[in-house]
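Examining the three-dimensional arrangement
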Amino acid sequence: ELSVAYGVLIDDLKKKDATEEITQQIEDIQAKKDAADGKKVKKKKTKKNPVQPKPQVSDKNKPSGLSKKEANKLAKKDARKKAKKNEDIPPPTAVSEKKQEKKAEAKKAEAPLLAMLTASYLGVKATLQGDKVTIENTLSLRGNYAVARYLTRTVPSGKSLYDESEPKACYEVDQWLEFCAANGSLLKGNRDYLTVLNSHLSLRTYMCGYGLSIADFALYCCLGADGWTSKKGEFVHLERWESLLTSNPSFAQFKKAHFSQAKQKSSGGKRSEGKKDDVAQCPPLPGVKEGQLVVTRFPPEPSGHLHIGHAKAIFLNQYYAQRYNGRMLLRFDDTNPSKEKEEFEHGIIEDLEHLNIIPYKVSWTSDHFKLLNKYAIQLIEQGDAYMDNTNPENMKQQRDEGINSINRDNSVERNMEMFNEMHSGSEEGQKWCLRAKMDMQSVNKCLRDPVFFRSNILPHARTKATWKAYPTYDLACPIVDSIEGVTHAMRDMNYKDRVPLYEWVIKKLKLRPVILHDFSRMNFVSTLLSKRKLGWFVEEGKVDGWDDPRFPTIKGVLRRGCQVESLYKFMVAQGASRKEGDMEWDKFWNFNKKVIDPIVPRYMAVDAVNNIILELEDVKELRAKTYPRHPKDKNGEQHGVKTLFLAPRIFLEYGDVHDDKSMVQKGEEVLLMQWGVIEITDVEVTDGKVLSLKGKTKPGANVSAPKRKIHWLADTPHVVKAKIFEFDYLITKPKIEPDEDFKAFINPHSVAETLVLAEAGLKTVREDQCMQLLRRGYYRVDKAYQNNSDEIHLFTIPDGKSKAVSTFATASAKMKHR
């Protein structure tokens, strides 16, 4: 009977998938069998439970082969087991929220975030499924760091992130990748690790080299972008680095997608107010469908270096491409050999690298010359274009007056004959051009039969002497946009009248349409943005070159001291607005001040000519003390410390002790910054001019009491010489009208130089580093210290104010701090 019950229960319980119950029931039945065979059975001690109603099994429901008494006994044991099991399982609400958060963080840490960020930055469509990354819906890969390296090798624009042709650079990147892989989960909130990273970035913009690399991407993912430090300003260099990366749309969107929940929880679910999201300044692109790959393009003509106006177009194209996880193309519109130079192509690529812009692909309009020639022939054969030899002056007059050319109705055969003649480069062919047959009576004069092809026998920078005629921008741009896959073409408002022309070309040639998106051109007061006019300044020697700090070129404003982060923030703040107007430079430089002020070191310097000696009677010898380079870094942990010399004789600015309003008096207390309060004991005056001063220190005096708070410099052999350069506008008129000659408004005093004596700490500053001279302003080091006989060159960085720096500026120049 027991043997039968044994087999029946096993079959029955297996159907219920109750492994633990099977084990317990087998043990019970085995005990019964042992008892029947006369074996001793050890009874298990059980805890007494509260009196429960005895479970009963009806005859109908009892297992076959068992008596009712035995079945009831088994049911009681089963009930006790289930009750105990239910006691051990806590209700769902009892699970700790912290444990859930830790699990979520651990799961996120295991996710291939580096791979996803790299894909987003490079414009590669990638989806995440567990630990797998699917590339372009075709290739599924595993391995966070492996996939990131794979993307840098396979995507053309990824080479700069992990350049295997530079073994040393790759070695440094690999070191940081190993560091992140080993310590990634330990970085957030760990002061030791964060201190190491902050120190590493104290003299660097990026983790490795001079540009972004996947080492930056990896660390950004490990830190989680938010909540990695509880005290703002504690790790200022790391914060600056994180802010710079987050200013890039790819990083900003990645942060929002993967770390926004943590940020919302930490703020109690409240949404911060007062700051506008950059998305509000840049509205959504029209016509974007879900899942569509957005492709933008930046098509500069290589006839000059990029200027501040181009920066807006660059950042908007990059912003929208990254906002929609799309691509930005760089295409050189090289259709005019008369203006273009290879030098400008290299300069444009260099500018984009400085701006941390990595296009998905680089192309040239000249790559498509054969195809453009084919489409031109198609227009002729369709009767939509004709050849014309009207001279430029008469053509302009006819277009203004709406008069048809005598060649407008020539036959297709005649037009093809002259089209080929134009391409031959012959003397006769050079007189002819191809014009679109549109509407000579149109109110929009851009549609009055514009030129589509013109002769030019000069050799092309890339195709050399292959072609003798070239397409114009009006023909080439819509065709190349369409065939290169551009979905949205950003154009400034100057091209608004040419929109119907762009659409006409697309329609006549039956090409894939491209959506045009207009934005306002960026103009500044007292500033020329025409490449032709800027080129005149270079050719005439009025400036040092295209990177002159007075120039509005990308190279010029960066050399002046503008930071890429502030440039990007300023451009996104302007957004894709269509509102035209001339902007003041003060707002632009105010953005820059907000970026550099929290991080630049402070030093002191006095005019090398207009200074006066103060003798301190109670200071008998030269001594030195350490002082933090930044006032908010009390211990020098973030920015380091400098050596400040205290001497019996110190230099003061003459304007600080005697100006138009007052003269320093005997017995007056003066605060020497970074030293303390001193009392003036003697003032030597001759003919109303202060010649020298004497004083004594007042240790423990109230530093807030003196009205005069001045900087100073110890008279020691450690003093270094520096030359300060201040700049003004190149033209004197805020706006040059179209009929005015800009040469009549050239500013003869656009630069001023002042020699100063500076403290020894300036010997440590590097070229391109920014700093502040106390009570003077911000400066970029254009030439660093080399030896005592050489001068340091400092370029004044405007701070958004137009106040004259009277102690530096010469009276004749009336230099303004711009």
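Residue positions within a chain follow its written sequence, with the count starting from 1. With pLDDT at 70 or above as the cut-off, local features in this predicted model cover only qualifying residues; side-chain atom pairs require 80 or more to be listed or tallied, and sums for whole chains, interfaces and linings still use all residues. Each side-chain value is worked out from all heavy atoms of the structure, with water and hydrogens disregarded.

1. What about the side chain of Arg-560?
Turning to its location among the elements, Arg-560 is positioned in helix H21 (residues 554-560). Think of a polar contact as two N or O atoms within 3.5 Å of one another; within protein, one of them needs to be a possible hydrogen donor and the other a possible acceptor, and neighboring residues in sequence only count if both atoms come from side chains. Looking at Arg-560, its side chain comes within polar contact range of the main-chain oxygen of Thr-796, at 3.0 Å. We count a stretch as a helix when DSSP gives it H or I for four or more residues in a row; a strand needs E for two or more, and each element gets its number in order from the N terminus.

2. Details of a negative patch on the surface
Only residues whose relative accessible area exceeds 30% and that form no salt bridge enter a patch; like-charged residues are grouped when within 9 Å of one another, and nonpolar side chains (Val, Leu, Ile, Met, Phe, Trp, Tyr) when within 5 Å. Note on areas: these come from Shrake-Rupley sampling with a 1.4 Å probe, and a residue is covered only by the protein chains present in the view. For salt bridges, the criterion is a side-chain nitrogen of Lys or Arg within 4 Å of an Asp or Glu carboxyl oxygen. The charge count includes Lys and Arg as positive and Asp and Glu as negative, but it does not include His or the ends of the chains. Every charge is mapped to an atom, namely NZ of Lys, CZ of Arg, CG of Asp or CD of Glu. The grouping of Glu-617, Asp-618, Asp-682 and Glu-684 at the surface amounts to a negative patch. Within the fold, Asp-682 resides in strand S22 (residues 676-686). Throughout this description, buried means an accessible area under 20% of the type-specific maximum (1.4 Å probe, protein chains only), exposed means over 50%, and partly exposed covers the range between. Classification of Asp-682 as partly exposed rests on a relative accessible area of 33%.

3. Digging into unusual backbone geometry
Residues other than glycine seldom take positive phi values, yet Asp-449 does so here, at roughly 45 degrees. Its place among the elements puts Asp-449 in the loop between strand S8 (433-436) and strand S9 (451-455). When its relative accessible area of 0% is taken as the criterion, Asp-449 is described as buried. Within the chain, Gln-674 stands out as a residue other than glycine whose phi angle is a positive 65 degrees. Structurally, Gln-674 can be placed in the loop between strand S21 (669-672) and S22.

4. Things to note about the confidence of the model for the protein
Scored from 0 to 100, pLDDT records how confident the predictor is in each individual residue. For the protein, the mean per-residue pLDDT works out to 83, and 81% of the residues sit at or above 70. Pairs of residues are marked as contacts when any of their non-hydrogen atoms sit within 4.5 Å. Across residues 44-49, where pLDDT falls below 50, the model places two contacts with residues more than four positions away in sequence or in other chains. Predicted confidence is poor over residues 261-280, with pLDDT under 50, and the contacts of this stretch with residues over four places away or in other chains come to ten contacts.

5. Considerations on the pairing of strand S28 (residues 770-773)
Within a regular beta strand, the side chains point alternately toward one face of the sheet and then the other, so they alternate between its two faces. Residues Cys-770 and Gln-772 of S28 are buried on one face, and the alternating residues Met-771 and Leu-773, pointing to the opposite face, are buried as well. Pairing between strands is defined by DSSP: at least two bridges between the two strands are required. One ladder, built from two bridges, connects strand S15 (residues 602-603) with S28; its direction is parallel. For Tyr-603, the partnering residue across the bridge sits in S28 and is Leu-773. Bridge analysis of S28 against strand S29 (residues 777-783) gives four bridges, and the strand direction is antiparallel. Following the sheet pairing, Cys-770 is matched in S29 by Arg-780. With antiparallel pairing between neighbouring strands as the criterion, S28 and S29 make up a hairpin whose turn holds three residues, including Arg-775 at a positive phi of roughly 65 degrees.

6. Some remarks on the packing of helix H22 (residues 564-574) against helix H23 (residues 585-596)
Inter-axis angles, ranging from 0 to 180 degrees, are taken between N-to-C directions of lines fitted to C-alpha atoms, where helices are fitted over the stretch in contact. Across the interface, H22 lies against H23 with an axial gap of 8 Å and an inter-helix angle of 135 degrees. As the angle between them shows, H22 and H23 are arranged oblique. Crossing angle aside, the handedness with which H22 passes H23 is right-handed. Here Glu-565, Ser-566, Leu-567, Lys-569, Phe-570, Ala-573 and Gln-574 of H22 come into contact with H23, specifically with Lys-587, Phe-588, Phe-591, Asn-592 and Val-595. Residue composition of the contact of H22 with H23, by class: six nonpolar, three polar and three charged. Geometric relationships in this document are graded by angle, where less than 35 degrees denotes roughly parallel, more than 145 denotes roughly antiparallel, 65 to 115 denotes roughly perpendicular, and other angles denote oblique. Helix crossings get a hand from a simple test, with the near helix turned counterclockwise from the far one by less than a right angle marking a left-handed crossing and a clockwise turn marking a right-handed one. Classification used: nonpolar for Ala, Val, Leu, Ile, Met, Phe, Trp, Tyr, Cys and Pro, charged for Asp, Glu, Lys and Arg, polar for all others including Gly.

7. Considerations on the side chain of Glu-565
Among the structural elements, Glu-565 can be located in helix H22. Here Glu-565 is in contact with Arg-240, Ser-243, Leu-244, Ser-247 and Val-595, once residues within four sequence places are set aside.

8. A closer look at the pairing of S22
Here S21 pairs with S22 via four bridges, running antiparallel. Across the sheet, Glu-669 pairs through a bridge with Glu-679, a residue of S22. Counting the residues that bridge the hairpin from S21 to S22 gives three residues, and of these Gln-674 lies at a positive phi of roughly 65 degrees. The sheet contact formed by S22 and strand S23 (residues 689-697) spans eight bridges and is antiparallel. In the strand pairing of S23, Ile-680 is matched with Gly-695.

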